[in-house]
Amino acid sequence: MADPWQKAYDFAVEVAREAGEEIRKAGECEMKVQTKSSTVDLVTKTDERVEKIIIRALKGEFGDGAFIGEESVANGQPCVLSDKPTWIIDPVDGTTNFVHGFPFVAVSIAFAVNKELEFGVVYSCLEDKMYKARKGKGAFCNDEPIQVSDVEEIKKSIIISEHGTDRRKEVVTKIFSTMQKILCIPVHGLRGSGTAATNMCLVATGAVEAFFEIGIHCWDIAAGAVIVQEAGGVLMDVDGGPFDLMSRRMVSANNKKIADRIIKEIEAFDVTRDDAPVQKKE
Ligand SMILES: O=P(O)(O)OC[C@@]1(O)O[C@H](CO)[C@@H](O)[C@@H]1O
Ligand SMILES: [Mg+2]
């Protein structure tokens, strides 16, 4: 078969669109907010319901497969990327935005085979922007090809990062110290949309030169990773090594020169890998 995953790719786009429609409708209603890893790591019934809708649709079309979904993992499912064809799903990336009505919320669906990402779909549902990319076939926003910016000078760049949900003082101090150093290079500006998936699409369209973060999860960035690469960008670890989807550390940029310059300023802190063995409670 020449093109084994095209059907899955097309289907993922449709599922993401339907999921986005659900999120838009839910945003108009009263919502009950709960917390996960910390008091600022929010989750709503919509996150859980939309993840179930997505997984049910994918299983209905392609049968039982391997899934890594943000809310399934939060409810105890394993988070291990094997060689099996695997769907990696964030039903609502930007839950805090969703809760507050801040207008960037995305559905993120990626597909990996042999631990390699084959395609990614990010639907920024409040803006109605459908980003998608398939390995070797280019990146698109609402079916128009997209490309990273050609800026090579860090002093002419806009950089995106996020503050994350870990509010321990030593972590927040490192995050702000890194941001201060980058701001003082100086760059044209620092931004943050509140969703990693959307941030990566902003790199892919050339609206910003780079997005970096320590503390993201594989479901936040898997789809965006394909979109950035297919738009001509690069992915790296925050220490300059190769990108590792499960490491929770990433720099995505329009080119290696910009990525290397940012990496010089990043003050890393420890995070537990997504695929770390789960500590059993005694
Ligand atoms: O929980 P959610 O809404 O899916 O993730 C929101 C998010 O802000 O958390 C990450 C880690 O800080 C972000 O960069 C990511 O996009
Ligand atoms: Mg997320």
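- The name recorded for the protein chain in an unreviewed UniProt entry is Inositol-1-monophosphatase, from Mola mola.
- For the record of the protein chain, the UniProt heading Cofactor (unreviewed entry) holds the text "Mg(2+)".
- Under the Subcellular location (unreviewed entry) heading, UniProt states for the protein chain: "Cytoplasm".

1. Considering the sheet that holds strand E13 (residues 234-236)
In step 1: Spatial strand order, E11-E10-E12-E14-E13: five strands in an open sheet with mixed pairing. The outermost strands of the open sheet, each flanked by one partner alone, are strand E11 (189-191) and E13. Mean inter-strand twist for the sheet, computed between neighbouring axes without regard to direction, equals 20°.
In step 2: Strand direction decides the pairing type here: strand E10 (residues 158-160) and strand E12 (residues 210-214), joined by two bridges, are parallel.

2. What to know about helix H8 (residues 256-263)
In step 1: The set of residues buried in H8 consists of Ile258, Ala259, Arg261, Ile262 and Ile263.
In step 2: Buried residues in H8 make contact with E10, helix H5 (169-183), E12, E13 and strand E14 (249-253).

3. Describing the site of ligand 1
In step 1: For ligand 1, the set of nearby residues contains 16 residues, the closest of which are Asp93, Thr95, Glu162, Gly164 and Ala196.
In step 2: When its residues are assigned to classes, the shell around ligand 1 shows three nonpolar, seven polar and six charged.
In step 3: Counting contributing residues, the shell around ligand 1 receives three or more from each of domain 1 (6-145) and domain 2 (154-263).

4. Section: the pairing of E12
In step 1: With respect to burial, E12 is a largely interior element, five of its five residues being buried.
In step 2: A two-sided burial pattern is seen for E12, the buried positions comprising Ala210, Phe212 and Ile214 on one face and Phe211 and Glu213 on the other.

5. A look at the domain arrangement of the protein chain
In step 1: Under the domain assignment, the protein chain is made up of domain 1 (6-145) and domain 2 (154-263).
In step 2: If you average the C-alpha positions of domain 1 and of domain 2, the two centres end up 20 Å apart.
In step 3: Counting from both sides, the interface comprises 34 residues of domain 1 and, opposite them, 25 residues of domain 2.
In step 4: Sorting the residues of the side of domain 1 that touches domain 2 by element identifies strand E3 (66-69), strand E4 (86-93), helix H4 (95-100), strand E5 (106-113), strand E6 (116-124), strand E7 (129-134) and strand E8 (139-141) as the ones contributing at least two each.
In step 5: Looking at the side of domain 1 that touches domain 2, the element that brings in the most residues is E6, giving six residues.
In step 6: A per-class count over the side of domain 1 that touches domain 2 returns 19 nonpolar, 10 polar and five charged.

6. Some details on the pairing of E14
In step 1: With respect to burial, E14 is a largely interior element, five of its five residues being buried.
In step 2: Both faces of E14 are covered, namely the face carrying Arg249, Val251 and Ala253 and the face carrying Met250 and Ser252.
In step 3: Bridge analysis of E12 against E14 gives five bridges, and the strand direction is antiparallel. Across the sheet, the residue bridging to Ile214 is Arg249, located in E14.
In step 4: Bridge count for E13 against E14 is three bridges, and the pairing is antiparallel. Bridge assignment links Met236 to a residue of E14, and that residue is Val251.

Scoring rules and cut-offs
- For every chain, the first residue of its written sequence is number 1, and the numbers climb from 1 along that sequence.
- Key to labels: chains lettered from A, ligands numbered from 1, both in the order written.
- The model is predicted, so local features are restricted to residues of pLDDT at least 70 and side-chain atom pairs to those at 80 or more, both for listing and for counting; the totals for chains, interfaces and linings are taken over all residues.
- UniProt positions are given in the numbering used here, feature names are shortened, and annotations may be inferred rather than shown by experiment.
- Pairing between two strands requires that DSSP report at least two bridges joining them.
- In this description a helix means any DSSP run of H or I spanning at least four residues, a strand means any run of E spanning at least two, and both kinds are numbered starting from the N terminus.
- All axes here are fitted lines through C-alpha atoms, helices being fitted over the stretch that makes contact, and every angle between N-to-C directions spans 0 to 180 degrees.
- With C-beta atoms placed from the backbone, the exposure class of a residue follows from how many other C-beta atoms lie within 10 Å of its own: 20 or more, buried; 12 or fewer, exposed; in between, partly exposed.
- By definition, residue pairs are in contact when their C-beta atoms, positioned from the backbone, come within 7 Å.
- For each residue, a C-beta atom is placed from the backbone, and the residue is labelled near a molecule or strand when this atom is within 6 Å of it.
- When residue character is reported, Ala, Val, Leu, Ile, Met, Phe, Trp, Tyr, Cys and Pro are called nonpolar, Asp, Glu, Lys and Arg charged, and the others, Gly included, polar.
- What counts as a domain boundary in this text is fixed by an automatic or database domain assignment.

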